[in-house]
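Residues per chain are reported as follows:
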Protein chains: 2
Amino acid sequence: MAIRTVVIASGNDGKLAEFEDMLGPRGFEVRPQSEFDVEQPPETGKTFVENALIKARTAAEAAGHAALGDDSGLVVRALRGRPGIYSSRFAGADAGDDDNIDKLVSELEGLPEARRGAYFYCCLVLLRHADDPAPLIATGRWHGYILESRRGDGGFGYDPVFYDPDMGATAAELPAGEKNRVSHRGRALDALMEQIDDAGI
Amino acid sequence: MAIRTVVIASGNDGKLAEFEDMLGPRGFEVRPQSEFDVEQPPETGKTFVENALIKARTAAEAAGHAALGDDSGLVVRALRGRPGIYSSRFAGADAGDDDNIDKLVSELEGLPEARRGAYFYCCLVLLRHADDPAPLIATGRWHGYILESRRGDGGFGYDPVFYDPDMGATAAELPAGEKNRVSHRGRALDALMEQIDDAGI
């Protein structure tokens with residue numbers, strides 16, 4: 001079943017450009033869901049993969065094309081996986097990045113470095129059509145640990161307190177290009193492209 | 001977060017032995033869900049991964065341990081992915097393997113080989129606990145095409161009409177060892193073990 005058009009189930013222009021860069025050269029026509037009548041679905045899943053599926057399925061149903069959904073967030077071991085799928089609303093429905101970081105740092109207060117392990121996680125789901133029972137699923141993890149205070153001005157979300165010991169920097173201190181190469185999102189995209197090439201779709 | 005005990009969300013002894021063989025040497029204690037009070041959940045998902053998640057989550061909740069769920073079936077391109085998650089009940093709720101095969105062969109009647117492409121698909125999900133937002137997800141595909149009539153006495157399900165051109169045999173003609181090596185299930189297991197080794201859990 002050849003896919004020609006892929007609808008991106010996201011309103012984020014940065015993501016759209018990123019998918020275009022990866023999928024365009026592989027012969028796909030990438031279109032934003034804003035071109036179609038897609039109502040933003042409630043994210044009722046308990047896992048990243050379920051939320052990515054919900055987004056992709058809503059877009060595939062509305063557009064009548066293949067659709068790519070994504071979901072991502074921060075998983076902290078000492079918090080049994082939290083903030084997880086609630087990463088962007090950890091400190092409440094109207095919370096901003098600073099509120100979420102403050103809450104995270106406060107919950108980990110006093111823990112030694114060895115117990116501050118965390119990873120950013122990204123899940124991508126490519127549904128060939130709304131009823132596809134076997135979507136391509138690609139995940140990426142970026143391992144590091146949570147600092148006690150912020151470092152760096154770049155990025156967004158939890159980037160200023162997420163420290164990657166291999167890079168010797170927080171996510172907010174890395175240049176965008178370098179961050180894309182090592183990030184959960186970059187790894188998930190690489191894994192998805194590998195699957196697309198393998199599956200010959 | 002180290003996992004010690006993994007509950008297998010399946011009542012199938014063959015699967016249990018297979019998981020034991022792979023996970024035991026990696027230091028996991030594998031336990032069947034029959035040891036716990038696990039009620040068989042309704043498989044309400046629209047995809048294999050959702051059904052595998054439902055099984056794993058039910059087992060993790062009841063047992064209070066990590067749990068491994070799986071779901072698998074046959075995906076036929078000319079049927080837009082059907083029988084898919086309904087593979088075992090394609091010809092009805094009480095259908096047996098023969099009924100399902102008859103229905104499949106009849107739906108593909110008259111189609112040339114090039115349009116009879118299909119794959120067996122297996123999805124494995126490892127939840128570290130019931131609220132794990134980022135379970136390990138591993139998938140495997142076994143590509144082939146659907147014959148017009150049965151060949152071979154081994155296996156189960158659609159095996160007698162699933163032909164693998166690389167092996168030059170149907171799934172029902174392959175010795176069990178060889179089938180496990182090339183099958184969707186074997187590939188998904190390999191992919192899961194790779195993820196477990198990578199994730200260091």
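The notes below deal with the structure included here. Model, not experiment: these values are computed from the prediction.

**With respect to unusual backbone geometry**
All names here are of chain A.
Point 1. The linkage connecting Arg-82 with the following residue, Pro-83, adopts the cis geometry, with an omega of -5°.
Point 2. Checked against the element boundaries, Pro-83 lands in the loop between β3 (66-76) and α3 (97-107).
Point 3. Unlike most non-glycine residues, Arg-80 shows phi in positive territory, near 50°.

**So, the pattern of salt bridges**
Residue and element names in this part refer to chain A.
Point 1. Tallied over the full model, the rule gives 30 salt bridges over all chains.
Point 2. A salt bridge links Lys-103 to Glu-107, with the shortest nitrogen-to-oxygen separation between them at 3.1 Å. Of the two residues, Lys-103 and Glu-107 both sit in helix α3, 4 residues apart, roughly one turn of that helix.
Point 3. Lys-103 gets classed as partly exposed once you look at its relative accessible area, which sits at 28%.

**Description of the layout of surface pockets**
Empty space left among the atoms is revealed by rolling a probe the size of a water molecule over them.
Point 1. Of the pockets and cavities examined, the largest pocket occupies roughly 1,100 Å³.
Point 2. Lining the largest pocket are 31 residues, and of these Glu-194 and Gln-195 of chain A together with Ala-191, Glu-194 and Gln-195 of chain B sit closest to its centre.
Point 3. Counting residues per element, the ones that place at least two in the lining of the largest pocket are β5 (136-146) and α5 (184-199) of chain A together with β5 (136-146) and α5 (184-199) of chain B.
Point 4. Broken down by element, the lining of the largest pocket gets its largest block of residues, 8 residues, from β5 of chain B.

**Quick word on the nonpolar core**
Point 1. Within the largest apolar cluster, 28 residues are counted, with the highest numbers of intra-cluster contacts made by Val-125 of chain A together with Val-125 of chain B.
Point 2. Listing elements by their share of this core, those giving two or more residues are α2 (48-63) and β4 (117-127) of chain A together with α2 (48-63) and β4 (117-127) of chain B.
Point 3. For Val-125 of chain B, the residues in contact, after removing those within four places along its chain, are Val-49, Ala-52, Leu-53, Ala-56, Ala-67, Leu-68, Gly-69, Pro-135, Leu-136 and Ile-137 of chain B.

**Remarks on the side chain of Ser-87 of chain A**
Residues and elements named next belong to chain A.
Point 1. Assignment of secondary structure puts Ser-87 in the loop between β3 and α3.
Point 2. Judged by its relative accessible area of 7%, Ser-87 is buried.
Point 3. Contacts of Ser-87, omitting those with residues within four sequence positions, involve Gly-73, Leu-74, Asn-100 and Tyr-158.

**Here's the deal with the sheet that holds strand β6 (residues 162-164) of chain B**
Residues and elements named next belong to chain B.
Point 1. Pairing within the open sheet is mixed, and its 7 strands lie in the order β2-β1-β3-β4-β5-β6-β7. Each of the sheet's edge strands pairs with one partner strand only, and the pair in question is β2 (29-32) and β7 (169-170).
Point 2. Examined bridge by bridge, β6 and β7 share 2 bridges and lie antiparallel to one another. Counted as the bridge partner of Asp-164 is Ala-169 from β7.
Point 3. Running over the sheet, α5 touches β3 (66-76), β4 and β5 and is turned about 155° from β5.

**Notes on the relation of the copies chain A and chain B**
Point 1. The two copies are related by a screw motion: chain A maps onto chain B through a turn of 180° and a shift of 0.0 Å along the axis, at an RMSD of 0.0 Å. Viewed as a symmetry operation, the transformation between the two copies matches a two-fold axis. By C-alpha distance to the rotation axis, the residue of chain A lying nearest is Glu-50 of chain A, at 3.6 Å.
Point 2. With an isologous cut-off of 70% or more, the 100% of interface residues of chain A that recur at the interface of chain B puts this contact in the isologous class.

**Focus on the packing of aromatic side chains**
Residue and element names in this part refer to chain A.
Point 1. Tallying each qualifying case throughout the model produces 12 aromatic pairs over all chains.
Point 2. When the centroid spacing of 6.5 Å and the interplanar angle of 55° are considered together, the rings of Tyr-119 and Tyr-121 count as tilted. The exposure classification of Tyr-119 matches that of Tyr-121, with both residues buried.
Point 3. Between the aromatic rings of Tyr-145 and Tyr-163, the centroid separation amounts to 5.4 Å while the plane-to-plane angle is 50°, which identifies the pairing as tilted. A residue pair is termed long-range when its members are at least 10 positions apart, and Tyr-145 in strand β5 and Tyr-163 in strand β6 (residues 162-164) qualify at 18 residues.
Point 4. By relative accessible area, which is 14% here, Tyr-163 ends up buried.
Point 5. Aromatic ring contacts, followed pair by pair, group Phe-48, Tyr-119 and Tyr-121 into a single cluster.
Point 6. Directly above the aromatic system of Phe-90 lies the positively charged group of Lys-103, at a separation of 4.9 Å from the ring centroid.

Calculation criteria
Residues numbered from 1 in each chain as written. Chains lettered and ligands numbered in written order. Predicted model: local features only at pLDDT ≥ 70, side-chain atom pairs only at ≥ 80, totals over all residues. Heavy atoms only, no water. Helix = DSSP H or I, 4+ residues; strand = E, 2+ residues; numbered from the N terminus. Salt bridge = Lys/Arg side-chain N within 4 Å of Asp/Glu carboxyl O. Buried < 20%, exposed > 50% of the residue type's maximum accessible area, 1.4 Å probe, protein only. 1 Å grid on protein atoms, 1.4 Å probe; cavity = no way out; pocket = protein on both sides within 12 Å on 5 of 7 lines; lining within 4 Å. Points joined across faces, edges and corners; volume = space filled by probe spheres on them. Core = buried A, V, L, I, M, F, W, Y, C linked by side-chain atoms within 4.5 Å. Contact = heavy atoms within 4.5 Å. Pairing = 2+ DSSP bridges. Axes fitted to C-alpha atoms, helices over the stretch in contact; angles between N-to-C directions. Least-squares fit on C-alpha atoms with pLDDT ≥ 70 in both. Phe/Tyr/Trp six-rings, centres within 6.5 Å; stacked < 30°, edge-to-face > 60°. Lys NZ or Arg CZ within 6 Å of the ring centre and 35° of its normal.

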